[in-house]
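# Structural overview for review
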Amino acid sequence: MATPVVTKTAWKLQEIVAHASNVSSLVLGKASGRLLATGGDDCRVNLWSINKPNCIMSLTGHTSPVESVRLNTPEELIVAGSQSGSIRVWDLEAAKILRTLMGHKANICSLDFHPYGEFVASGSQDTNIKLWDIRRKGCVFRYRGHSQAVRCLRFSPDGKWLASAADDHTVKLWDLTAGKMMSEFPGHTGPVNVVEFHPNEYLLASGSSDRTIRFWDLEKFQVVSCIEGEPGPVRSVLFNPDGCCLYSGCQDSLRVYGWEPERCFDVVLVNWGKVADLAICNDQLIGVAFSQSSVSSYVVDLTRVTRTGTVAPDPMQDSRPPAQQPPHPSAPLRRIYERPSATGSEPQRVKQNSESERRSPSSEDDRDERESRAEIQNAEDYNEIFQPKNSISRTPPRRSEPFPAPPEDDMATAKEAAKPSPATDVQFPVPKLEVLSRPPVVTSTPAPKAESPIIPATRNEPIGLKASDFLPAVKIPQQAELVDEDAMSQIRKGHDTMCVVLTSRHKNLDTVRAVWTTGDIKTSVDSAVAINDLSVVVDLLNIVNQKASLWKLDLCTTILPQIEKLLQSKYERYSYVQTGCTSLKLILQRFLPLITDILAAPPTVGVDISREERLHKCRVCYKQLRSISGLVKSKSGLSGRHGSAFRELHLLMASLD
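Residues numbered from 1 in each chain as written. Predicted model: local features only at pLDDT ≥ 70, side-chain atom pairs only at ≥ 80, totals over all residues. Heavy atoms only, no water.

The name an unreviewed UniProt entry gives the chain is Katanin p80 WD40 repeat-containing subunit B1, with Balaenoptera acutorostrata as the organism. On record in UniProt, under Sequence similarities (unreviewed entry), the comment for the chain is "Belongs to the WD repeat KATNB1 family." (UniProt positions renumbered as here; feature names shortened; annotations may be inferred.)

Next up, the structure:
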């Protein structure tokens, strides 16, 4: 009897070179799970069909890197926001620019389409949220309340609310009809990166850099549960279409959670790194991640993933009475969204600005729209995806075929997987280890053509003859074969030097750690600075940055000169710069208002030693911040992740100018 072929639970689908420069944002079409849009530092938005190597369409018009992209529900429109604050909307079926929206003063960090109306919401690094009417090409309303960059926006399934997540550690819920904030959800201790509405119930999920996922009841406006212990910052979450569970795209793994009570149903290892977006189609979860100019797509077979807390019956123990089953997790525990009917429904009503505040189309916008183009790179794929075959159906088809799963690489593993095993109800399951095959990188550039067999008219040697046949033979000394000792010495070349460097670094860190155990953070930092090794300072700052409460004013006076060195460092530039930017951001958020207030306060009568010491520290910090301000301003024009970080710091340091 033939052994059934056991296929993988998770596998890598493909890898493409999506842009000529770094990829800065991407999004999956949630309706089909087959359409991918990418934004890059080359100021373009490219459209792709999942598992096809060629770009379908390239959208131009932005003059700065594209920081955020979003597709509407029918996947007919796409909106993209840039570092300069401009927003452009394209009609994909007509292959043309639809609207150019101007108004934000900094990076566009988040975008979302209204599920029913002709509205787009945008969140920016300038802390503002704007609601745009695509038909009238104007800002309908502006929502103020966040104190830092708005990282994620989501409309509720019924289109009446808007949820926002920001770097100020808060989640806010806005009422579109009343034009005001309904509720604020504090609780996260780090920047909130993502929010997602439950597809049916009044429930909201939020994921943060504090490595937690929180669930919020939208009737009682209070926390339902909190899942802690994520392996890294939470950047991507998605509810199952029936609402039975929540998927979290973690570092190299997919985790499946329930919330009442909080529990982990399953963990699947997927080597996708930092996954950027998730979509579900045909009982398959599609995940996409990007690194530099490449985008990789992965598939997880959800039919082999545990999505509920029920226990499967054990065929070996039929004689035992069945265990009492918990209630189905998708059973509604709270109010259900009331969606408008397809026909005869009233248009969405939203609070609007006065006519004097609304922005009318200008000739400058018209010029921008003329300069924006939709370049069709692959006509066949474009016609298949965006051109409707008739008035009823449209591709990508809603019933597209699932991606075929490859067989297991290890046959021994496959045989073990084929054996029946008693089911157990595990609270935190062991991850399913999947060995992912790595397909070759697919690029959209054509392969080099083979050389033509035609003989050129001009040649340096006669046809059919070799000049070397008529020259005296020259003995070429044979290269002596390397013996094992020589080969090993070449392999180990430089190894001893590296060992010395790492040993010295380890010794220095042991010295700092010995001081750290005494509980004196300031002395620990002073000892790290005295060693005069930036790598030790970076290691220490990476620890201190995890807990903002460790920062004190006297610590800033010691750290700020080191931050200036880190921002200018060329050795291990990217890790040093990232750590320096994170530390400087914490100092600006916690201490800059205090420093400016103390320096602006009038002098007091009498002698106050503690106040004089505090005033002296503030003057030192202010002088150092002024020195760093010029460096930050000069680097704010950089592109990519570090350019965005410097621009955010420049905004925070605006009060120093």
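That shown, we press on.
In this section: the pairing of strand β7 (residues 77-82). Within β7, 6 of the 6 residues are buried, which leaves the element mostly enclosed by the surrounding structure. Alternating residues of β7 divide into L77, V79 and G81 and I78, A80 and S82, and every residue in both groups is buried. Where strand β6 (residues 66-71) meets β7, 5 bridges bridge the pair, whose relative direction is antiparallel. Paired with S68 across the strands is G81, a residue of β7. Taking the residues between adjacent antiparallel strands as the criterion, β6 and β7 are bridged by 5 residues, where E75 takes a positive phi near 60°. Taken together, the 5 bridges between β7 and strand β8 (residues 87-91) define a ladder with antiparallel strand orientation. Along β8, the bridge assignment pairs V79 with V89. Here β7 folds back onto β8 in antiparallel fashion, the turn holding 4 residues, of which G85 has a positive phi close to 100°. (Buried < 20%, exposed > 50% of the residue type's maximum accessible area, 1.4 Å probe, protein only. Helix = DSSP H or I, 4+ residues; strand = E, 2+ residues; numbered from the N terminus. Pairing = 2+ DSSP bridges.)

On to empty space enclosed by the protein. Taken as a whole and assessed by the stated rule, the structure comprises 1 cavity of 30 Å³ or more. Considering only enclosed or pocket space, the largest cavity measures out at about 50 Å³ in volume. Surrounding the largest cavity, Q14, I16, L36, W48, S49, I50, K52, V295, S296 and S297 form its lining. Taken together, the elements giving at least two residues each to the lining of the largest cavity come down to β1 (10-17), β4 (45-49) and β28 (294-301). Sort the elements by how many residues they give to the lining of the largest cavity and β28 lands first, with 3 residues. Its residues assigned to classes, the lining of the largest cavity shows 5 nonpolar, 4 polar and 1 charged. (1 Å grid on protein atoms, 1.4 Å probe; cavity = no way out; pocket = protein on both sides within 12 Å on 5 of 7 lines; lining within 4 Å. Points joined across faces, edges and corners; volume = space filled by probe spheres on them. Nonpolar A, V, L, I, M, F, W, Y, C, P; charged D, E, K, R; others polar.)

With that out of the way, let us pick up the packing of helix α5 (residues 495-516) against helix α6 (residues 521-530). Between two packed helices, what matters for the description is the angle formed by their axes and the separation of those axes. One can describe the packing of α5 onto α6 by two numbers: an axis separation of 8 Å at closest approach and a directional angle of 165°. Regarding the angle of α5 to α6, the classification is roughly antiparallel. Remark: the crossing between α5 and α6 carries right-handed chirality. Only I521, T523, S524, S527 and A528 of α6 make contact with α5, whose side of the interface consists of V512, V515 and W516. (Axes fitted to C-alpha atoms, helices over the stretch in contact; angles between N-to-C directions. Parallel < 35°, antiparallel > 145°, perpendicular 65-115°, else oblique. Left-handed = near helix turned anticlockwise from the far one by under 90°. Contact = heavy atoms within 4.5 Å.)

The final tally for this structure, using the stated rule, is 13 salt bridges. Between D112 and R70 there is a salt bridge, with the nearest N and O atoms lying 3.0 Å from each other. Here D112, found in strand β10 (residues 108-113), pairs with R70, found in strand β6; they are 42 residues apart in sequence, far enough to count as distant. Judged by its relative accessible area of 13%, R70 is buried. Note that D167 is salt-bridged to R151, the shortest N-O span being 3.0 Å. Linking D167 in the loop between β15 (161-166) and β16 (171-175) with R151 in strand β14 (residues 150-155), this pair joins segments that are 16 residues apart in sequence. According to the relative accessible area criterion, D167 is buried, its value standing at 4%. Salt bridges linked by common partners bring R151, D167, K585 and E648 together as one network. (Salt bridge = Lys/Arg side-chain N within 4 Å of Asp/Glu carboxyl O.)

Bringing the pairing of β10 into the picture now. The buried fraction of β10 is high, at 6 of 6 residues. Examined bridge by bridge, β10 and strand β11 (residues 119-124) share 5 bridges and lie antiparallel to one another. Looking across to β11, one finds that L111 is bridged to S122. Between β10 and the antiparallel strand that follows it, β11, lie 5 residues.

To continue, consider the state of the cysteines. By the definition in use, this model includes 0 disulfides. C621 provides the cysteine sulfur closest to C618, a residue in no disulfide bond, and the two sulfurs are 6.6 Å apart. Since its relative accessible area comes to 0%, C618 is described here as buried. (Disulfide = S-S within 2.5 Å.)

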